[in-house]
Every structure is written in structure tokens, then in C-alpha cells.
Amino acid sequence: MKTVEEVLQKYTLGEAGKDETNDGLKELGSPLRLNPDRNVITPEELLETRAGETPDEANGYGLMDHGVGCLEKVHVVNGRTVDVDMGQEAAYVYIAGRKYRLRGDVLTEEG
């Protein structure tokens with residue numbers, strides 16, 4: 001059985017589209033959905049997206065889950081979100097098939 005994390009990983013790897021991802025999330029009973037006006041990672045953005053061995057090697061575009069029932073598209077450069085700083089709030093970023101904990105604007109391996 002798939003998990004929410006697996007469904008989101010497939011999307012951030014470009015292996016599943018928006019509709020397939022939303023269907024997968026719905027089947028799992030998750031309240032999360034991709035909003036086509038806010039969450040679409042374009043093919044061009046996907047080509048720029050990479051994750052390395054460490055969080056600071058992550059670059060490109062991903063999805064941030066910050067516990068409010070919707071996902072936010074985020075831009076990441078060298079393991080830091082460009083326009084988002086979550087401070088001490090709990091948040092996670094799915095990028096290039098990986099999941100990172102977001103602390104402030106820095107991706108970490110913490111779960």
C-alpha cells in the first residue's frame with residue numbers, strides 16, 4: 001500500500017502528474033490536494049530540481065507541507081527555501097523524491 005510520502009515523492013520526481021497525485025492522495029484518505037494554480041511544478045522546473053547526499057545539495061522546486069491541509073510550492077537553492085521562513089513551526093519539503101524537515105528556511109535530515 002502506498003503512503004502519502006510515496007505519492008508526493010512520485011510527483012516531485014516527475015513520475016506522476018497532478019491528477020494522478022490528487023487521486024492517490026484521495027484514495028489514501030489524505031486531506032492534502034495539489035492546487036493547479038499554486039502547486040504545479042513545470043517540466044522546466046523539474047529539470048532544474050536535484051537532491052544530493054546532504055540537504056544543502058537540494059536545488060529546484062518542491063512542495064512544502066506545513067500542516068494546514070494544503071501544499072505550497074517552494075523554490076530551494078542550496079538547501080534553503082528562497083521565499084519561505086517557517087521559524088520554529090513544523091514543516092516538511094518534498095523535493096526530487098526526498099523529504100526534508102524545514103527549520104526556518106533550512107532543509108534538514110531531521111524527521
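Here goes a summary of the coordinates provided.

## Details of helix H2 (residues 18-27)
Looking only at H2, the buried set comprises Thr-21, Asn-22, Gly-24 and Leu-25. Buried residues of H2, seen end-on, are gathered within an arc of 160 degrees and therefore sit on one face of the element. For H2, the exposed residues set more than 90 degrees away from the buried face come down to Asp-19, Lys-26 and Glu-27. Summarising the contacts, the buried residues of H2 are in contact with helix H1 (4-12). Just downstream of H2 lies Gly-29, where phi reads positive at about 80 degrees.

## Considering the nonpolar core
The biggest cluster of nonpolar side chains holds 13 residues, and the ones touching the most others in it are Met-64, Val-93, Ile-95, Leu-102 and Leu-107. Elements that contribute at least two residues to this core include exactly strand S2 (71-77), strand S4 (92-95) and strand S5 (98-103). Discounting residues that sit within four places of it in the chain, Leu-107 has contacts with Pro-55, Ala-58, Val-76, Gly-79, Val-93, Tyr-100, Arg-101 and Leu-102. Core analysis: the next-biggest nonpolar cluster, separate from the first, contains 11 residues, Val-7, Leu-8, Leu-25 and Tyr-94 among them.

## Thoughts on unusual backbone geometry
The backbone phi angle of Asn-78 is positive, close to 50 degrees, even though this residue is not glycine. Inspection of the secondary structure puts Asn-78 in the loop between S2 and strand S3 (80-81). With phi around 50 degrees, Ala-96 is a residue other than glycine that occupies positive phi space. Look at Ala-96 and you get buried, because its relative accessible area is 17%.

Rules used throughout
Residues numbered from 1 in each chain as written. Predicted model: local features only at pLDDT ≥ 70, side-chain atom pairs only at ≥ 80, totals over all residues. Heavy atoms only, no water. Buried < 20%, exposed > 50% of the residue type's maximum accessible area, 1.4 Å probe, protein only. Helix = DSSP H or I, 4+ residues; strand = E, 2+ residues; numbered from the N terminus. Arc of directions from axis to C-beta. Contact = heavy atoms within 4.5 Å. Core = buried A, V, L, I, M, F, W, Y, C linked by side-chain atoms within 4.5 Å.

Fair warning: the whole summary comes from geometry, so function is off the table for now.
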